[in-house]
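Now for the letters of each chain:
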Amino acid sequence: QVQLQESGPGLVKPSQTLSLTCTVSHGSITANYYYWNWIRQPPGKGLEWIGFIAYSGNTYYSPSLKSRTSISRDTSKNQFTLQLTSVTPEDTAIYYCVRGVVVTTSVSQDYWGQGTQVTVSS
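Here is what the cut-offs are and how they apply
Residues numbered from 1 in each chain as written. Predicted model: local features only at pLDDT ≥ 70, side-chain atom pairs only at ≥ 80, totals over all residues. Heavy atoms only, no water. Disulfide = S-S within 2.5 Å. Helix = DSSP H or I, 4+ residues; strand = E, 2+ residues; numbered from the N terminus. Buried < 20%, exposed > 50% of the residue type's maximum accessible area, 1.4 Å probe, protein only.

Undergrad: So, the state of the cysteines: which residues are in play, and what are the values?
TA: As enumerated under the stated definition, the model contains one disulfide in all. Across a sulfur-sulfur distance of 2.1 Å, Cys22 and Cys97 are joined as a disulfide pair. Here the disulfide of Cys22 and Cys97 is right-handed, its torsion about the S-S bond being about 70°. Taken together, the residues span a long stretch of sequence, with Cys22 in strand 3 (residues 18-25) and Cys97 in strand 9 (residues 93-103) at a distance of 75 residues. There is no split in this pair, since Cys22 and Cys97 are both buried.

Undergrad: Kindly report on unusual backbone geometry, identifying the contributing residues and their values.
TA: At the junction of Asn32 and Tyr33, the peptide bond is cis and its omega measures out at -5° in the coordinates. Looking at the secondary structure, you find Tyr33 in the loop between strand 3 and strand 4 (34-41). A positive phi is found at Ser15, a non-glycine position, where the angle reads about 80°. For Ser15, a relative accessible area of 59% translates into the label exposed. For His26, which is not glycine, the phi dihedral falls at a positive 60°. The residue His26 is located in the loop between strand 3 and strand 4 in this model. When its relative accessible area of 63% is taken as the criterion, His26 is described as exposed.

Pasting the structure below:
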């Protein structure tokens, strides 16, 4: 079964870049036709989709975060990364990496990492 695990600093200072890595086990990030997502949940709020990198390497981002977001991958390590620039305290959240797949007319998110807390504070 597929496993995903987030890693990276838990504390980031305002104006800096948030960088997280997702390591995938028992599943290739290049395998057709999966999508590798980042999703976050701020304190007391719902889940917010950030973006994905597809099996092909194509990326797509939430319009509200697109200008600050970059998702990339290292296929030799079976990892994909999130970089979110110019962070503020509003970016404080639990960050999840998630596998997704299109099933008929809907999107299924079948495997989730455990999540990692990132706090933006000086």
